[in-house]
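Chain by chain, the residues:
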Amino acid sequence: MQLTLALAQINTRLGDVPANLEKHLHLASEARASGADLLVFPELSLTGYVLQDLATAVAHRPRPDDPIFRPLLEASREIDLVVGFVDEDPRNRFFIASAYLSGGQVVHVHHKLYMATYGLFDEGRFFAWGDSVQAFDTRFGRLGILICEDFWHASPPYLLWLDGAEMLLFTSASPGRGISREPVLDSARWVEHINQAYASMFTCFVAHANRVGYEDGLNFWGGSTLFDPSGELLVQGKYHEEGLVLAEVDLNQLHRVRARLPLLRDERTSLVQRELGRILSVRLPNDRGVV
Amino acid sequence: MLNIKNIDLTINPDVVRTILTGFIRTELTRVGYTRAVIGLSGGLDSAISCFLTAEALGPENVLAVRMPYKTSSFDSLDHAQQVIDYLGVQSMTFEITDMVEPLFTRFPEANQVRRGNAMARARMIVLYDQSEAFHSLVVGTSNKTEILLGYSTLYGDSACAINPLGDLYKTQLRQLAQALGIPEAILSKPPSADLWVGQTDEGELGFTYAEVDRLLYLLVDQRYSIEDCIEAGFAPAFVSGVAKKIQRFHFKRLMPPIAKLSNRTIGYDFLYLRDWGT
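Note that this is a predicted model, so its numbers are computed, not measured.

Peer 1: Would you mind going over a nonpolar patch on the surface with me for this structure?
Peer 2: Residue and element names in this part refer to chain B. Taken together, the side chains of I258, I266, Y268, F270 and W276 present a nonpolar region at the surface, about 500 Å² in accessible area. By the element assignment, Y268 lies in the segment after α12 (236-248). The exposure class of Y268 is partly exposed, given its relative accessible area of 42%.

If you want it as C-alpha cells, here you go:
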C-alpha cells in the first residue's frame, strides 16, 4: 500500500487561531492538489507555541459544532489531517493536543503526556498532563501520535509500537538552540538522532513535523523528517524555511524490513511487564510514574 | 571536564547568519515595520548589527546614525563611514556635544562614568527620535559578554527594540564579522566604547575578551560552579570577580520590579510574549 505523506512545516501567528486556521485550510488544498493523502501539522499549529496566559483563551473542542473544527473536519473529507491545538476538556482542563481528522470525523485526539517545564520551557505551568497513549486505526493502517517532549521519553513510542502503530507521527514546536562549528543546531541533531533511533529499533515509519518562524527571541528550526523502517532518512524539509514536505511511503516496506529484522516478533512484552511490576513494587513511583 | 585550553567557542557563521537575519526581518515586519535604525559607532558590534539588518531588510531600509562627541576619535567616524559606504545604507551624522555639554557645564566635577553614561543616553535619545522620524525600530548591538558583565549604560547603549547579538560572546562575534566581510580596520582594532580618549574595553575591564568569554561559557552555558571553573584552570580571583559582576549587574538585564498588590500583576501573573497576536 502506498501513501503520500505531507508535513506542513509552517510558521504560525501567536494566539490568532482564525489566521492559523486559514493557513491550515489553504495548505490542505495545496497538499491535496499535490497528491497527498495525509497532512501533518506541527505542535500547536492552530495557536502558536509560547502561549502563556493565552493558553486558556485559544482553546477549542474538536467537535463539529466548533467554529474552528467545523471547516477542518470538512477539509478532512478530501485529505486526512493532523492538527495541533489547545483542547479544553469537559472539566475545563487545558491540554496541548493533536487531533487526527478524516472523512469528516475526529478519529483520535492525543493529549501531550509530558509537559516540558525546565530551561526555556514552561508548559507545566499552563497545561494539564495527558494521561493516555493509544494507537488508532486509519485508512492507512494503525498510527500513533506524540507531541515533542513525549518522544524524549522512550516509553510512549514503545507503547504505541506495541499497540500496533506502524507509523509514528511526531509533531513539534522545537526551539532552535546550541551553536557550534557544525552546520546544524544542537537541537536539530538531537531530535534527528532519536527519530532515526525509533525508526530503527521499532522497524516502523517515523514522521516528524516541526514548525518554523520566531516567537520573540525563539527560533523554530523546521527540518521536518521521515525515516523508514530501516532507519533511513527518506525526506527532510529545509531548516528555518516554511514549506510543504512531501514523501512517498511504501507501507509494504514493513513486510520486507521485518522479514529481515524481526525485532517486533521477538519483543518480550511479558518480561517487560513482569520486570516493570517488580521495579515499581520495590521502588516507590512518584505521581508521574518516575521510579 | 572542559579546561581552560580546550574550550571551543567556534560558531558556524552561516547558521547564525540565517537565524539572525530571519529574526530581524520577522520581528520587525510582524509589528508593521520594514525599516530599522542603528547607532553606528565604528566598532565591531554595531557594524555586525548593521550588516545583518541590511541583509535582512535591504540597505535602503536601514538608517545608520553616527553620533560623535567632540573627543570621539576620527578613526571611529571613518570606520563607521566605511560600513555605510560598503553596505549602501542610509546614513546621518549627529554630533551629541551640544546635547551633553550643558550637563557637564552644570556639573563640572562629573567623572568619566557620569559623562560616559550621559553620552550613551544622549545617543539613545537621538536614535529613538530617528526611529519615529524614519518609521523604524532601533536594532540593538549589545553582545552576551557585555550584557553578562553589566558593561553597558542602562537606558543608553543597551536600549533597543530587538537585539540580534545578545546571545553571542565577543569572540564569537569576531568570527561572524569575518564571515560577513566586515572591513579589516574594524576587525583588527581593540574594542572600545570610545567614551574618552584612549579608552579600551579590555583596559577598563582588566582582562581580555578571549579570557573572559571562555570563563563565561563555563559559568553560564555549561553551568560550572565557581570551584569547577578554578579546577578547569582559571585564576580564583578572576573567577570570583566575574561571578560577582554577573550577579551585581543582573538588574540591568531585567525590567524594574513592580510591587505586587493585586491578584494579577504585570510581570508575575500577567504573562504574554511581545509577539502576542502577531
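Peer 1: How should I be thinking about the nonpolar core in this particular structure?
Peer 2: Formed by 64 residues in total, the largest nonpolar core has its most connected members in I48, C50, L176 and I182 of chain B. If you tally residues by element for this core, the top one is helix α2 (residues 44-57) of chain B, at nine residues. Once residues lying within four places of it in the same chain are set aside, the contact partners of I182 of chain B are L44, A47, I48, F51, A177 and L187 of chain B. A31, L46, L72 and M115 of chain A belong to the second-largest nonpolar core, a separate cluster that totals 47 residues.

Peer 1: Quick question: what am I supposed to make of the packing of aromatic side chains here?
Peer 2: Two aromatic rings are characterised by how far apart their centres lie and by the angle between their planes. Under the counting rule described, the total for this entry stands at 21 aromatic pairs over all chains. Ring geometry for F51 of chain B against Y86 of chain B: centres 5.4 Å apart, planes inclined by 20 degrees, an arrangement best described as stacked. Of this pair, F51 of chain B sits in helix α2 while Y86 of chain B sits in helix α3 (residues 74-87), placing them 35 residues apart in sequence. Judged by relative accessible area, Y86 of chain B falls into the exposed class, the value being 54%. For the ring pair Y69 of chain B and F104 of chain B, a centre distance of 6.2 Å and an interplane angle of 80 degrees mean the geometry is edge-to-face. With Y69 of chain B in the loop between β2 (62-66) and α3 and F104 of chain B in helix α4 (residues 97-106), this residue pair connects regions lying 35 residues apart in the sequence. A relative accessible area of 7% places Y69 of chain B in the buried class. The buried category is assigned to F104 of chain B, whose relative accessible area is 5%. Taken together, the ring pairs in this structure connect F151, Y158, W161, F170, Y198 and F202 of chain A into an aromatic cluster. Here the basic side chain of R211 of chain A rests over the ring of F220 of chain A, its NZ or CZ set 4.1 Å away from the ring centre.

Peer 1: Help me understand the environment of V126 of chain B, please; the structure alone is not making it clear to me.
Peer 2: All names here are of chain B. Tracing the sequence through the fold places V126 in helix α5 (residues 112-133). A relative accessible area of 7% places V126 in the buried class. Remark: the alpha-carbon pair of V126 and G140, spanning 14 residues in sequence, is separated by 14 Å. Other than its neighbours up to four places away in sequence, V126 contacts V65, M67, F94, I96 and M99.

Peer 1: What is the right way to read the interface of chain B and chain A from this model?
Peer 2: In many reports, interface size means the accessible area that the parts give up when they come together. Taken residue by residue, the interface counts 27 residues in chain B and 24 residues in chain A. Roughly 2,100 Å² is buried in total at the junction of chain B and chain A, and carbon and sulfur atoms are behind 56% of that figure. It is I19, L271 and L273 of chain B that lose the most area in chain B upon contact with chain A, and together they represent 28% of the buried surface on that side. At the surface where chain B touches chain A, the tally comes to two salt bridges. The closest approach of N and O atoms between R181 of chain A and D8 of chain B, which form a salt bridge, is 2.7 Å. Our enumeration of links across chain B and chain A arrives at 17 residue pairs in polar contact (both at pLDDT 80 or more). When residues of the side of chain B that touches chain A are assigned to their parent elements, the largest contribution, eight residues, is made by helix α1 (residues 13-29) of chain B.

Thresholds, definitions, all that
- Residues numbered from 1 in each chain as written.
- Chains lettered and ligands numbered in written order.
- Predicted model: local features only at pLDDT ≥ 70, side-chain atom pairs only at ≥ 80, totals over all residues.
- Heavy atoms only, no water.
- Patch = residues over 30% accessible without salt bridge, like charges linked within 9 Å, V, L, I, M, F, W, Y side chains within 5 Å.
- Areas by Shrake-Rupley, 256 points an atom, 1.4 Å probe, with all protein chains shown as cover.
- Salt bridge = Lys/Arg side-chain N within 4 Å of Asp/Glu carboxyl O.
- Helix = DSSP H or I, 4+ residues; strand = E, 2+ residues; numbered from the N terminus.
- Buried < 20%, exposed > 50% of the residue type's maximum accessible area, 1.4 Å probe, protein only.
- Core = buried A, V, L, I, M, F, W, Y, C linked by side-chain atoms within 4.5 Å.
- Contact = heavy atoms within 4.5 Å.
- Phe/Tyr/Trp six-rings, centres within 6.5 Å; stacked < 30°, edge-to-face > 60°.
- Lys NZ or Arg CZ within 6 Å of the ring centre and 35° of its normal.
- Buried area = accessible area lost by both parts, 1.4 Å probe.
- Polar contact = N/O pair within 3.5 Å; in protein donor to acceptor, adjacent residues only side chain to side chain.

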